[in-house]
Amino acid sequence: MSENVYSILLPTYNERDNLPIIIWLLVKYLDKSHLNYEIIIIDDASPDGTLDVAKDLQKIYGEKKIVLRPREAKLGLGTAYIHGIKHASGNFIIIMDADLSHHPKFIPEFIELQKLNDLDIVTGTRYVGSGGVFGWDFKRKLVSRGANFLTQLLLRPNCSDLTGSFRLYRKDVLQELVSRCVSKGYVFQMEMIIRARELNYSIGEIPITFVDRVYGQSKLGGTEIFQFAKNLLYLFATT
């Protein structure tokens, strides 16, 4: 059994169909690697009954493995992480999406790389080596690639995938970064890496395959793209 404890934060909103599958996969791959872990589900008052599904999963897997920390409204990703960190018993935090776009099979690779190089952050990348994206149309690929290209050009972050949200952090590092971030939504993940570079935290990358959500609707729209452009310029001017 690993001496480190890994807290997986799963912010959810309308993920009742995806949650049982992602939890099953997490338990399968983390148990196989003999890791000490907990899964913290942070549901933002999903109207589709996601929390009821989470309660059923807690009965199946136990309260030590599945920790429920719901909130009263949809309050955003950054505050979901702050809420999750407060309740996390692990010295490492893993953040990922609950919609099956991030496969838990990569988590042992994140952990191995972190241990090997004593890293502060390990992030999944779609743009290096065997990394890639499945299920996106041309427009979505163009938006993602374009956002990443502009960010690389303006901010030079020494990280190939800025907008990804599948990462491993030391707990104290994540707390520090979240406290410094001003962005919300789609841009939040990008700012986390930019702030990490400013503070000289060490970052490693693992190629991942990103799969578009199976059930439910994507939360990326025109508003998020506009916010991204605005915040990119803000970061360019202030970092």
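Please read these numbers as outputs of a predicted model, since none were measured by experiment. (Residues numbered from 1 in each chain as written. Predicted model: local features only at pLDDT ≥ 70, side-chain atom pairs only at ≥ 80, totals over all residues. Heavy atoms only, no water.)

It is worth spelling out the packing of aromatic side chains at this point. What the rule picks out here adds up to three aromatic pairs. Ring geometry for Tyr 81 and Phe 188: centres 5.8 Å apart, planes at 35°, overall tilted. One end of the pair, Tyr 81, is in helix α3 (residues 77-86); the other, Phe 188, is in helix α7 (residues 188-198), with 107 residues separating them in the sequence. Given the relative accessible area of 1%, Tyr 81 is considered buried. For the pair Phe 110 and Phe 166, a centre-to-centre distance of 4.8 Å together with 40° between the ring planes defines the contact as tilted. Taken together, the residues Phe 110 in helix α4 (residues 107-117) and Phe 166 in the loop between α5 (138-155) and β7 (167-170) connect sequence positions 56 residues apart. (Phe/Tyr/Trp six-rings, centres within 6.5 Å; stacked < 30°, edge-to-face > 60°. Helix = DSSP H or I, 4+ residues; strand = E, 2+ residues; numbered from the N terminus. Buried < 20%, exposed > 50% of the residue type's maximum accessible area, 1.4 Å probe, protein only.)

Attention now moves to the pairing of strand β2 (residues 36-43). Of all eight residues that make up β2, seven are buried, and the element is covered over most of its length. Pairing analysis gives eight bridges linking strand β1 (residues 5-12) to β2, with the strands arranged parallel. Each bridged residue has a counterpart across the sheet, and for Leu 10 the counterpart in β2 is Ile 41. Handedness of the β1-helix α1 (residues 19-32)-β2 crossover: right-handed. Across three bridges, the pairing between β2 and strand β3 (residues 66-68) is parallel. Across the sheet, Ile 39 pairs through a bridge with Ile 66, a residue of β3. With respect to chirality, the unit in which β2 leads through helix α2 (residues 50-61) into the neighbouring parallel β3 is right-handed. (Pairing = 2+ DSSP bridges. Right-handed = clockwise from strand over helix to strand, strands pointing away.)

Looking now at the packing of helix α6 (residues 171-180) against α7. Axis separation between α6 and α7 bottoms out at 9 Å; the angle between their running directions is 110°. The angle between α6 and α7 places the two elements in the roughly perpendicular class. Crossing of α6 over α7 shows right-handed handedness. Contacts from Leu 174, Leu 177, Val 178 and Arg 180 in α6 reach Phe 188, Glu 191, Met 192, Arg 195 and Ala 196 in α7. Class assignment of the residues belonging to the contact of α6 with α7 gives a composition of six nonpolar, no polar and three charged. (Axes fitted to C-alpha atoms, helices over the stretch in contact; angles between N-to-C directions. Parallel < 35°, antiparallel > 145°, perpendicular 65-115°, else oblique. Left-handed = near helix turned anticlockwise from the far one by under 90°. Contact = heavy atoms within 4.5 Å. Nonpolar A, V, L, I, M, F, W, Y, C, P; charged D, E, K, R; others polar.)

For the rest of this paragraph, the subject is the pattern of salt bridges. Enumeration over the complete set of coordinates arrives at nine salt bridges. With a closest N to O distance of 3.0 Å, Arg 170 and Asp 120 form a salt bridge. One end of the pair, Arg 170, is in strand β7; the other, Asp 120, is in the loop between α4 and β5 (121-125), and 50 residues separate them in sequence. Residues joined in a network through salt bridges with shared partners are Asp 118, Asp 120 and Arg 170. (Salt bridge = Lys/Arg side-chain N within 4 Å of Asp/Glu carboxyl O.)

Moving on to the environment of Ile 194. Tracing the backbone through its elements, the reader meets Ile 194 in helix α7. Along the chain, Ile 194 and Cys 159 lie 35 residues apart, while their C-alpha atoms are 9.1 Å from each other.

With that settled, consider α7. The buried fraction of α7 is high, at nine of 11 residues. Among all positions in α7, only Phe 188, Gln 189, Met 190, Glu 191, Met 192, Ile 193, Ile 194, Arg 195 and Ala 196 are buried. Within two residues after α7, Asn 200 carries a phi angle of roughly 60°, on the positive side.

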